[in-house]
Structures are given as structure tokens and as C-alpha cells.
Amino acid sequence: MASDDALPVTVVISRTPIPGREDDLTAWANGVTAAASAFPGHLGGQIFAPGQTDTGDLVLAFSFSSAEALSTWEHSDERASWLAKLEGMVVGETKSVSVSGFEGIFSH
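Reading guide: rules and limits
- Every chain's residues receive numbers from 1 upward, in the order its sequence appears when written.
- Where local features are concerned, this predicted model is filtered to residues with pLDDT of at least 70; where side-chain atom pairs are given and counted, the filter is 80 or more; whole-chain, interface and lining totals use all residues.
- Side-chain measures were taken over the full set of non-hydrogen atoms in the model, leaving aside hydrogen atoms and water.
- What counts as a helix is a DSSP run of H or I of at least four residues, what counts as a strand is a run of E of at least two, and both are numbered from the N terminus.
- With a 1.4 Å probe rolled over the protein chains alone, any residue whose accessible area is under 20% of its type maximum counts as buried; one over 50% counts as exposed, and the rest are partly exposed.
- N or O atoms within 3.5 Å of each other form a polar contact, as long as, within protein, one can give a hydrogen and the other can take it, and as long as residues adjacent in sequence are counted only when both atoms are side-chain atoms.
- By definition in these notes, contact holds between two residues if any of their heavy atoms fall within 4.5 Å.
- By nonpolar core we mean a set of buried residues, namely Ala, Val, Leu, Ile, Met, Phe, Trp, Tyr and Cys, connected to one another through side-chain atoms within 4.5 Å.
- A side-chain nitrogen of Lys or Arg and a carboxyl oxygen of Asp or Glu constitute a salt bridge if their distance falls within 4 Å.
- Directions from the helix axis toward the C-beta atoms define the arc.

> Honestly, the side chain of S14 in this entry has me stumped. Any pointers?
With respect to the secondary-structure elements, S14 resides in strand 1 (residues 9-17). On the basis of relative accessible area, S14 is assigned to the buried category, the value being 12%. Within polar-contact distance, the side chain of S14 engages the side chain of D57 at 2.9 Å. Contacts of S14, omitting those with residues within four sequence positions, involve D57, L58, V59, E93, T94 and K95.

Written out as C-alpha cells, the structure is:
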């Protein structure tokens with residue numbers, strides 16, 4: 001059986017835009033997704049703009065080939081730079097869930 005480090009990992013984050021900044025937040029999500037795609041192990045990403053969700057939040061999901069590949073992205077200067085650009089676009093804290101392998105399918 002493979003170790004958890006070898007299983008793909010998907011991270012889903014949710015951010016609440018400041019009213020009037022929805023389009024800016026969506027543009028930010030497109031940029032951060034493109035930046036993440038340049039990192040080894042990136043498997044893809046999907047963006048649900050604020051108007052596409054029941055909560056009005058922006059939801060961003062992206063996958064990496066392993067927990068190690070995800071960690072490389074999460075600890076990168078590139079990601080830190082993108083996170084700094086969120087100032088003035090969002091309110092509240094980031095809501096985040098990570099799922100590896102099949103655990104998300106069988107946890108409900």
C-alpha cells in the first residue's frame with residue numbers, strides 16, 4: 001500500500017470577498033491558479049466565482065500529486081506573494097479543507 005505522501009492531495013479553500021471586489025478576487029484566483037500550475041506535481045485547479053456559490057464566497061480547489069508537492073507550493077515565496085495581494089479584497093479568515101486519496105469519498 002502506498003504511503004499518504006504518495007497519494008494525490010486536493011485542497012479546497014473558500015474566501016469571502018469585500019462587496020464590490022468579487023471580480024478582483026476572481027482575477028486573483030485565476031492568477032494564483034496559474035502560478036501554482038508551474039509547480040512540480042500540480043494536477044489542476046478549479047475556480048467557483050462568488051456568483052457561482054450559494055454563500056457568495058469564492059471557492060478554489062487545486063490538486064497536487066502528493067503532500068510533499070503541495071507543501072512545496074504552500075511554503076513557496078510565489079504563494080506568499082499571491083497571498084499578500086489578497087489584502088483589501090477579502091473579509092474573514094480562509095476556510096480550507098485538504099483531502100488525500102479516497103478519504104473524502106468515504107468520510108460521509
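> It is not clear to me how the nonpolar core should be interpreted in this structure. Could you clarify?
A general trend in soluble globular proteins is that nonpolar side chains are found buried together. In terms of nonpolar packing, the biggest core is built from 21 residues, with W28, L60, F62, F64, L70 and W73 touching the most fellow members. Sorting the residues of this core by element identifies strand 1, helix 1 (22-37), strand 3 (58-64) and helix 2 (67-74) as the ones contributing at least two each. Here this core takes six residues from helix 1, the largest share from any one element. Residues within four places of L70 in sequence aside, it is in contact with V9, V11, F62 and F64.

> I'm lost on the environment of P19 in this one. Help?
Among the secondary structure elements, P19 is positioned in the loop between strand 1 and helix 1. Expressed as a C-alpha distance, the spacing of P19 and V91, which sit 72 residues apart in the sequence, is 9.4 Å.

> When you look at the pattern of salt bridges in this model, what are you seeing that I'm missing?
Scanning all chains against the criterion turns up two salt bridges. One salt bridge connects D24 with R21, and the closest N-O pair in it is separated by 2.6 Å. When its relative accessible area of 36% is taken as the criterion, D24 is described as partly exposed. Across the pair D57 and K95 runs a salt bridge, and its minimum N-O distance is 3.0 Å. Of this pair, D57 sits in the loop between strand 2 (42-48) and strand 3 while K95 sits in strand 4 (residues 90-100), placing them 38 residues apart in sequence.

> What am I meant to see in helix 2 here?
The periodicity of an α-helix, 3.6 residues per turn, causes residues three or four places apart in sequence to face the same way. Along helix 2, the residues classified as buried are A69, L70 and W73. Around the axis of helix 2, the buried residues are gathered within 100° of arc, so they sit on the same side. The secondary structure elements touched by the buried residues of helix 2 are strand 1, helix 1, strand 3 and helix 3 (77-84).

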